[in-house]
Amino acid sequence: MNTHKSSLLARDAKAVWHPFTQHGIPSRLLTASRAEGCYIYDADSNRYTDLISSWWVSIHGHSHPAVVEAISKQAATLDHVLFAGATHEPAVQLAEVLLEMAGMTAGKVFYSDDGSTAVEVAIKMALQFHSNQGDIRERIIAFSGGYHGDTFGAMTLGRSSHFFDKFPSTALDVQFLDVPEVWEGLDDEDADNLAIAQFEEMISDGKCAAVIFEPLVQGAGGMKFHSGRLLQGVVDAAKRHGVLVIADEIMTGFRRTGKIFATDWLETSVDILCLSKGLSGGMLPLAVTLAQGYIYDAFLGETFDRALAHGHSYTGNPIACAGALASMKLVNDPQTAATCDALTATLRREFLPLGERFGQLEHARVIGGIAAIDIKPGLIEYGSSVSRSMQEFYLDRGLVLRPVGRTIYLMPPYAIDEAEIIRACEIIGESVRTFL
Ligand SMILES: Cc1ncc(COP(=O)(O)O)c(C=O)c1O
């Protein structure tokens, strides 16, 4: 190990507290010093393939030149300005582009900083939308096993993921809907219809303000898929009962499920849409909550008490917006659509067979640029030593791969080489033979 690397690790251990990390258990850290495309390089110039797009943000690959250029230019022109009582070209242009992409051209874009805050804003919008009209609806329904972020409101909605068992007392009134999973070879229409009927019963008392879900794929909850049929049924029922539909597309947005938004698989538009992660091409924290025009209209009035009382210091940051404009140009490029289709085909061909090859694995599934498979129950526990050893095994072989719970998954930058997917699948196979 070079001296810079060892001193960086020592200084890190002295000064830094990492996310989702038990510092009482020693574990290896990747000392990233440079990144390009789907590769991260450490301080010794060892190369690692980023198979999870650095927590799903780097959709175009690291340091994409178009995004880098846009950010650099903007930083030298207008770095930041408060967003209450001021506006600027990058934020206005980005709002126009996003509304067009989402088919919400009569709607509005509210800026915030990360996925969790985009969800907080969505919830506030939904609750106040009803109360501004004199209708007291306080209950939110979330899909069981879903995850919507780490702030308290978002945690409450994601409580059933069990990430937040240490914080049992939170303020939102949330109920959870069990949704049937689908995977290759399983798609149960009767189970979907039952869940839709259960949902309709839960909202029939007129007290539910909104339903929130990660459309088609629940990410942190273990890359669990559900069917478009289930989602459509839930959306239709919500509309029948005046319940607002909030789609959390923080992970699924920008072609991750094969279309620009996962909700593009639906026949109906949603009321509120949360976006972040790939929005800025994975380079700067930025999030948006898109609301249909009728939601915005319910906040208009002569007094401030009808307004949405929410904002952050960096709301609408021009540099992040400029990066996002460059990122959206790439997302809308037909070449990106072709690249994503090719990635889906490679994942289907190389990843799905792992389920047949290894008896220790089950429920292989692929949608768009997401491939996932579960380790059979009882073979591994969340955060266990086997799980940590597997992660280090991948790192030793130059792969950044972090299974969630007992789910091994790939969610690489779109332009990853086919050869890298083939290599990753071989190494996953080796890890199964070694540890399970
Ligand atoms: C679906 C979904 N919603 C919300 C969030 C929270 O986003 P952030 O970590 O940027 O706060 C995440 C993060 O993984 C997510 O996957």
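Heads up: the structure comes first, above all this text.
A brief structural summary. Counting from 1, residues in each chain are numbered in the order their sequence is written. At least 70 in pLDDT is required for a residue's local features to be given in this predicted model, at least 80 for side-chain atom pairs to be given and counted, and no such filter applies to totals for whole chains, interfaces and linings, which use all residues. As a rule here, side-chain values cover all heavy atoms of the structure and leave hydrogens and water aside.

## Thoughts on the site of the ligand
- A molecule or strand has a residue near it when one of that residue's heavy atoms lies within 4 Å. Around the ligand, the neighbouring residues are Trp56, Asp114, Gly115, Ser116, Tyr147, His148, Gly149, Glu214, Asp248, Ile250, Met251 and Lys277.
- Contacts described as polar in this section are N or O atom pairs within 3.5 Å, which, within protein, must combine one atom able to donate a hydrogen with one able to accept it, while residues neighboring in sequence count only if both atoms come from side chains. A distance of 2.5 Å separates an oxygen atom of the ligand from a polar side-chain atom of Ser116.
- Lys277 places a polar side-chain atom, nitrogen or oxygen, 3.0 Å from an oxygen atom of the ligand.
- Taken by itself the ligand offers 390 Å² of open surface, and the protein chains cover 84% of this.
- Any residue outside Ala, Val, Leu, Ile, Met, Phe, Trp, Tyr, Cys, Pro, Asp, Glu, Lys and Arg is labelled polar, Gly included; the first ten of those are nonpolar and the last four are charged. Taken together, the residues of the shell around the ligand break down into 4 nonpolar, 4 polar and 4 charged. Accessible areas in this description were obtained via Shrake-Rupley with a 1.4 Å probe; residue shielding takes into account the shown protein chains only.

## Remarks on the sheet that holds strand β11 (residues 272–275)
- If you walk across this open sheet you meet the 7 strands as β4-β12-β11-β10-β7-β5-β6, and the pairing is mixed. Every interior strand has two partners, whereas the edge strands, β4 (108–112) and β6 (173–177), have only one. Along the sheet, successive strands turn relative to each other by an average axial angle of 20°, direction set aside.
- We call two residues contacting when some pair of their heavy atoms lies within 4.5 Å. Orientation is described by lines fitted to C-alpha atoms, with helices fitted over the stretch in contact, and by angles between N-to-C directions that extend from 0 to 180 degrees. Helix numbers and strand numbers start at the N terminus; a helix is a DSSP run of H or I with at least 4 residues, a strand a run of E with at least 2. Across the face of the sheet, helix α4 (residues 89–102) comes into contact with β4, β11 and β12 (287–291) while running at roughly 120° to β4. Pairing between strands is defined by DSSP: at least two bridges between the two strands are required.

## Thoughts on the layout of surface pockets
- Grid spacing is 1 Å over the protein atoms alone, the probe is 1.4 Å, and a cavity is where that probe fits but cannot get out, while a pocket is an open set with protein on both sides within 12 Å along at least five of seven lines and lining residues have an atom within 4 Å of a point. Grid points are joined across faces, edges and corners, and a volume is the space filled by probe spheres set on the points. Each pocket or cavity is described by its volume, and for the second largest pocket that value is around 690 Å³.
- Lining of the second largest pocket is provided by 27 residues; of these, Lys108, Val109, Phe110, Tyr296 and Leu308 occupy positions nearest its centre.
- Residue classes in the lining of the second largest pocket are distributed as 18 nonpolar, 7 polar and 2 charged.

## With respect to helix α11 (residues 334–350)
- Expected span of a helix: the number of residues minus one, times 1.5 Å. Helix length check: α11 (17 residues) gives 24 Å between terminal C-alpha atoms against 24 Å at 1.5 Å per residue, within 8%.
- Burial classes follow relative accessibility: with a 1.4 Å probe on protein chains only, a residue under 20% of its type's maximum area counts as buried, one over 50% as exposed, and anything between as partly exposed. Of all the positions in α11, only Thr336, Cys340, Leu343, Thr344, Thr346, Leu347 and Glu350 are classed as buried. Summarising the axial view, the buried residues of α11 lie within an arc of 165°, below the 170-degree limit, and thus occupy one face. With respect to the buried face of α11, the exposed residues turned more than 90 degrees away are Pro334 and Gln335. Think of it as the arc spanned by the lines of direction from the helix axis to the C-beta atoms.

## Notes on the packing of aromatic side chains
- Each aromatic pair joins two rings of Phe, Tyr and Trp (for Trp, the six-membered one) with centres within 6.5 Å, and gets the label stacked for planes under 30 degrees apart, edge-to-face for over 60, and tilted for any other angle. Applying the stated rule across the entire model yields 7 aromatic pairs.
- On the numbers, 5.8 Å between centres and 90° between planes, the contact of Phe83 with Tyr111 is edge-to-face. Of the two residues, Phe83 is situated in the loop between α3 (65–77) and α4 and Tyr111 in strand β4; the sequence distance between them amounts to 28 residues.
- Through a chain of ring-to-ring contacts, the aromatic side chains of Phe393, Tyr394 and Phe435 assemble into a single cluster.
- Distance and angle both matter: a charge sits over a ring if NZ of Lys or CZ of Arg is within 6 Å of the ring centre and within 35 degrees of the ring normal. The positively charged end of Arg47 is found above the aromatic ring belonging to Tyr39, 3.8 Å away from the centroid.
- One residue, Arg397, lies across the ring of Phe393, its end atom 3.6 Å from the ring centre.

## Overview of the pattern of salt bridges
- Take a side-chain nitrogen of Lys or Arg and a carboxyl oxygen of Asp or Glu: if they are within 4 Å of each other, that pair is a salt bridge. Taken as a whole, this structure holds 19 salt bridges when the rule is applied.
- For Asp187, the salt bridge is made with Arg229, and the minimal N-O distance between the two is 3.3 Å. Separated by 42 residues along the polypeptide, Asp187 in the loop between β6 and α7 (189–203) and Arg229 in helix α8 (residues 228–240) bring together distant segments of the chain.
- Residue class for Arg229 comes out partly exposed when judged on its relative accessible area of 29%.
- Residues joined by salt bridges that share partners form a network here, namely Lys5, Asp42 and Asp44.

## A look at the sheet that holds strand β14 (residues 370–375)
- The 3 strands lie next to each other as β13-β14-β16, forming an open sheet whose pairing is antiparallel. Each edge of the sheet is formed by a strand with only one pairing partner; in this case those strands are β13 (361–367) and β16 (407–410). In this sheet, adjacent strand axes meet at a mean angle of 15° when their direction is disregarded.
- Pairing analysis gives 4 bridges linking β14 to β16, with the strands arranged antiparallel. In the strand pairing of β16, Asp374 is matched with Thr407.
- Each of β13, β14 and β16 is contacted by α11, which is oriented at about 165° to β13, the strand it contacts most.

## Focus on the pairing of strand β7 (residues 208–213)
- Of all 6 residues in β7, 6 are buried; the element is thus mostly enclosed.
- Here 4 bridges tie strand β5 (residues 139–143) to β7, and the two strands are oriented parallel to one another. By the bridge assignment, Ile140 is partnered in β7 with Ala210.
- With 4 bridges joining them, β7 and strand β10 (residues 244–248) adopt parallel strand pairing. Looking at the pairing, Ala210 lines up with Leu244 of β10.

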